[in-house]
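Inside the fold
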Amino acid sequence: PLEKLLRDGCQDIPEAPGVYWVFAPEGMPILFHQRPYNPRARLYPLERLMEKWEKCAGCQPLYIGKAEGRRGLRQRLKQYMDYGQGTGNIHRGGRAIWQIEHPERLLLAYALCESPSEWERQLLLEYHHQHGTYPLANWRR
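This structure is a prediction, so every number in the text was calculated from the model and none was measured.

Before going further, it helps to spend a moment on the overall build of the protein chain. What the protein chain contains, in helices and strands, is four helices and three strands. Secondary structure elements of the protein chain, listed N to C terminal, follow the sequence α-β-α-β-α-β-α. For 141 residues, the compact-globule formula gives about 14 Å, and the C-alpha radius of gyration of the protein chain, at 14 Å, lands near that figure. Each principal axis of the C-alpha atoms in the protein chain carries an extent, and together these give about 40 × 35 × 25 Å. When the 141 residues of the protein chain are sorted by exposure, 45% land in the buried category. For the protein chain, restricting intrachain contacts to residue pairs at least 6 apart in sequence, the fraction spanning at least 24 positions comes to 79%. Entry remark: accessible area of the protein chain is about 7700 Å², with carbon and sulfur atoms responsible for 49%.

A word on the pairing of strand β1 (residues 18–23). In the case of a regular strand, side chains alternate between the two sheet surfaces. For β1, the buried fraction is high: five of the six residues fall into the buried class. As paired strands, β1 and strand β2 (residues 63–67) are joined by five bridges and run antiparallel to one another. Pairing of Gly18 across the sheet is with Ala67, part of β2. Relative to strand β3 (residues 107–112), β1 runs antiparallel, the two being bridged by six bridges. Bridging from a neighbouring strand, Val19 pairs with Ala111 of β3.

This next bit is on the nonpolar core. In this structure, Leu2, Leu62, Tyr80, Ile97, Trp98, Ile100 and Leu106 are the most contacted members of the largest nonpolar core, which totals 34 residues. For this core, the elements supplying multiple residues, two or more each, are α1 (2–8), β1, α2 (46–56), β2 and α3 (72–84). Looking at which element gives the most residues to this core, the answer is α3, with five residues. Counting residues in each nonpolar core, the second largest holds seven residues, with Cys113, Leu123, Leu124 and Tyr134 among its members.

The probe, sized like a water molecule, is rolled over the atoms to show the empty space still left. Empty space within the second largest pocket amounts to approximately 160 Å³. Looking at the second largest pocket, it is lined by 13 residues, and the ones nearest its centre are Gly84, Gln85, Trp98, Pro103 and Glu104. Looking at the lining of the second largest pocket residue by residue, the classes come out as six nonpolar, four polar and three charged.

With 13 residues, α3 should cover 18 Å at 1.5 Å per step; its first-to-last C-alpha distance of 19 Å lies within 8% of that length. Taken together, the buried positions of α3 are occupied by Gly72, Leu73, Leu77, Gln79, Tyr80, Met81, Tyr83 and Gly84. At the C-terminal side of α3, Gly86 shows a positive phi close to 80 degrees.

Taken together, the buried positions of α2 are occupied by Leu49, Lys52, Trp53 and Cys56. Looking straight down α2, one finds that the buried residues subtend no more than 100 degrees of arc, so they occupy a single side. In α2, the exposed positions angled more than 90 degrees off the buried face are occupied by Glu47, Glu54 and Lys55. Looking at the buried positions of α2, the neighbouring elements they touch are α4 (116–131). Of the residues flanking the end of α2, it is Gly58, one or two places downstream, whose phi is positive at about 85 degrees.

Procedures and definitions
Residues numbered from 1 in each chain as written. Predicted model: local features only at pLDDT ≥ 70, side-chain atom pairs only at ≥ 80, totals over all residues. Heavy atoms only, no water. Helix = DSSP H or I, 4+ residues; strand = E, 2+ residues; numbered from the N terminus. Rg over C-alpha atoms; globule rule 2.2 N^0.38 Å. Buried < 20%, exposed > 50% of the residue type's maximum accessible area, 1.4 Å probe, protein only. Contact = heavy atoms within 4.5 Å. Areas by Shrake-Rupley, 256 points an atom, 1.4 Å probe, with all protein chains shown as cover. Pairing = 2+ DSSP bridges. Core = buried A, V, L, I, M, F, W, Y, C linked by side-chain atoms within 4.5 Å. 1 Å grid on protein atoms, 1.4 Å probe; cavity = no way out; pocket = protein on both sides within 12 Å on 5 of 7 lines; lining within 4 Å. Points joined across faces, edges and corners; volume = space filled by probe spheres on them. Nonpolar A, V, L, I, M, F, W, Y, C, P; charged D, E, K, R; others polar. Expected span 1.5 Å × (residues − 1). Arc of directions from axis to C-beta.

Here is the structure:
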């Protein structure tokens, strides 16, 4: 759960390149809010979030991301968690996740790989082919 990553600073995540996914647990309703979670964040208008959700409701994952930096997944996921908590400004991608009510209940999965950019691109293309849109929190593809 994201709650554990938020609490422990991603210390159990490997420092290796990879791809990660954010999922909603089965049965979790996806509701959005307009409350600022980061003073530097540009919030999506609720109407845009609802419109996007209508296109991909019932589809998983909610977000697909990649980590290629020197410290890999640990660094990138820590940046993502920090951004969602309002203490960082580096990871703006996937920010729609933080406008979901109770994002700490969401789940994260990851896989190590040699070419995260290529795998992420392929995953997004496959998702788009299957659903006609990109995951809820993937906007610029």
